[in-house]
Amino acid sequence: MTRPGKEKPVITLHALTKTFPGGVHALDDIHLTIADGEFFALLGPSGCGKTTLLRTIAGLETPTRGTVHIDGRDATPLPPGQRDVAMVFQDYAIFPHMDVTTNIAYPLRIKKVPRAERTAKAADVAARLSLTDLLHRRPAELSGGQQQRVALARAIACHPTAFLFDEPLSNLDARLRLEARTFLKRLQRELAVTTVFVTHDQAEALALADRIAVMSAGRMIQVATPAEIFHRPATTFVASFIGSTPMNLLPARATDAALHVAGATLPLPAPVQDGHLTYGVRPEYMTLSPTERPDAFPGTVSVHENLGTHTLVTLETPATLIQAVVPEGDEPPLGTPAWAVPRRALLYRDDTLLTTL
Ligand code: ATP
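Residues numbered from 1 in each chain as written. Predicted model: local features only at pLDDT ≥ 70, side-chain atom pairs only at ≥ 80, totals over all residues.

By the naming in an unreviewed UniProt entry, the protein is ABC transporter, taken from [Actinomadura] parvosata subsp. kistnae.

And the structure:
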């Protein structure tokens, strides 16, 4: 298991800024260190700068300001071919006129590795990715998942300092995508190669990464482990972006020792200065009670959504909607009153995390 941030830095970004002609600030003063062997995910909504950041590390974009160090060397002025990183794109970009062996061995050919050696190396990497039976096929004769593995094999064959993946799983169907995710995680553990992975899928980032950077408008809003991002999202933006069911984010008001939220009065362990307060609870940390209690949010059950082993229950309250995840069979009937009891909550002031409750 990687101890994030503790090992030798492999990729270091300093004050990295990219402004495109026309004034789009795709990257805005990014500082980041990625450790040797780390699996690092860049996560964020469309247009937040994930791909631009990856392309800047790869040398496919020139930063407006700032530096990229790879393996202790200032790579900022180097062309992509001299950075010793392998990039795998969304569309795999494997050559249609070459068979699997030739595709995998292609980077070795560029490096002038002798033919026998590169064929042997391609066969070795192909075996690791269960491609041995497909070595003589061309891309058109492969499934999406197989093409993706060929692209990965080609990246591995280069023996790079780091892998850069731009949504490599996004062209796969849902089931194959889950399989590929587990496969990629296992492979990355085995090879222990530093990996930067772009995704807009938060479940994918949580499942794969040692650390995640959540980006918005060219900035890194939070860089932390998946557990930290899930349990202690630093801002209401991260809180609303992460989680398979969205977090309940409710306006709150503080008095001396209590917090007033959506019809409930909740104890406060320490006084907080009033301000623009937001109280956050994940639906998974909400229990439903059939009887009234002062520390619970009163509402009327308006929707049941089946999540398989659990049900997402929506309560309508005078001011807002509140959601709770309950075990299947425990949902109160539609139209009945219910009280949502928070078990684990977060308090934000001016959209920044103040404390956990
Ligand atoms: P997506 O998830 O949709 O791929 P992203 O987070 O990867 O998005 P980027 O592709 O990095 O986002 O784009 C960041 C911002 O920079 C966007 O506003 C985009 O429109 C802009 N941008 C990207 N490339 C260029 C370019 N070549 N010229 C001008 N603007 C660009």
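Continuing now.
Chemist: Can you tell me about the sheet that holds strand E12 (residues 258-261), naming the residues and giving the values?
Modeler: Judged by pairing direction, the sheet is antiparallel, and its six strands sit side by side in the order E13-E12-E11-E14-E20-E21 without closing on themselves. Here the strands that pair on one side only, and so sit at the sheet edges, are strand E13 (264-267) and strand E21 (352-356). Averaged over all adjacent pairs, the angle separating strand axes in this sheet is 35°, with direction ignored. Relative to strand E20 (residues 346-349), strand E14 (residues 277-281) is paired through four bridges, and the arrangement is antiparallel. Note that in E20 the partner of Thr278 across the bridge is Tyr348. (Pairing = 2+ DSSP bridges. Helix = DSSP H or I, 4+ residues; strand = E, 2+ residues; numbered from the N terminus. Axes fitted to C-alpha atoms, helices over the stretch in contact; angles between N-to-C directions.)

Chemist: Go over the domain arrangement of the protein with me, naming the residues and quoting the values.
Modeler: The accessible area lost on association of the parts is a frequent measure of interface size. When cut into domains, the protein gives domain 1 (9-235) and domain 2 (248-356). Here the C-alpha centroids of domain 1 and domain 2 sit 39 Å apart. In this complex, domain 1 contributes four residues to the contact, which on the side of domain 2 involves four residues. For the side of domain 1 that touches domain 2, the residue count by class is two nonpolar, one polar and one charged. (Domains from an automatic or database assignment. Contact = placed C-beta atoms within 7 Å. Nonpolar A, V, L, I, M, F, W, Y, C, P; charged D, E, K, R; others polar.)

Chemist: Before we move on, can you summarise the nonpolar core with the specific residues and values?
Modeler: Judged by nonpolar contacts, the single largest core of 93 residues is most densely connected at Leu164, Val196 and Ala340. A per-element tally of this core places helix H4 (residues 144-157) first, with seven residues. Here this core spans two domains, and each of domain 1 (9-235) and domain 2 (248-356) adds at least three residues to it. Not counting residues up to four positions away in its chain, the partners in contact with Val196 are Ile11, Ile34, Phe40, Leu42, Leu54, Ile57, Ala162 and Leu164. (Core = buried A, V, L, I, M, F, W, Y, C linked by C-beta atoms within 7 Å. Buried ≥ 20, exposed ≤ 12 C-beta atoms within 10 Å, placed from the backbone.)

Chemist: Go over unusual backbone geometry with me, naming the residues and quoting the values.
Modeler: Positive phi values are uncommon outside glycine, yet Asp84 reaches one of about 60°. Mapped onto the fold, Asp84 is located in the loop between strand E5 (73-74) and strand E6 (85-88). Judged by local crowding, Asp84 falls into the partly exposed class, with 15 C-beta atoms found within 10 Å. Positive phi, normally seen in glycine, also occurs at Lys112, with a value near 65°.

Chemist: I'd love a proper account of the environment of Thr161, names of residues and values included.
Modeler: For Thr161, the location among the structural elements is in the loop between H4 and strand E7 (162-166). Accessibility expressed as a C-beta count within 10 Å gives 19 for Thr161, which makes it partly exposed. On a C-alpha basis, the gap between Thr161 and Asp84 in space is 5.7 Å, while along the polypeptide they are 77 residues apart. Setting aside chain neighbours within four positions, we find Thr161 in contact with Val10, Ile70, Asp71, Asp84, Val85 and Thr194.

Chemist: Explain the site of the ligand residue by residue, including any values.
Modeler: Taken together, the neighbourhood of the ligand is formed by 13 residues, with Phe20, Ala26, Ser46, Thr51 and Thr52 sitting nearest. Put simply, the parts of the chain that give the shell around the ligand at least two residues each are strand E2 (24-35) and helix H1 (50-58). Partitioning the shell around the ligand into residue classes produces four nonpolar, eight polar and one charged. (Near = placed C-beta within 6 Å.)

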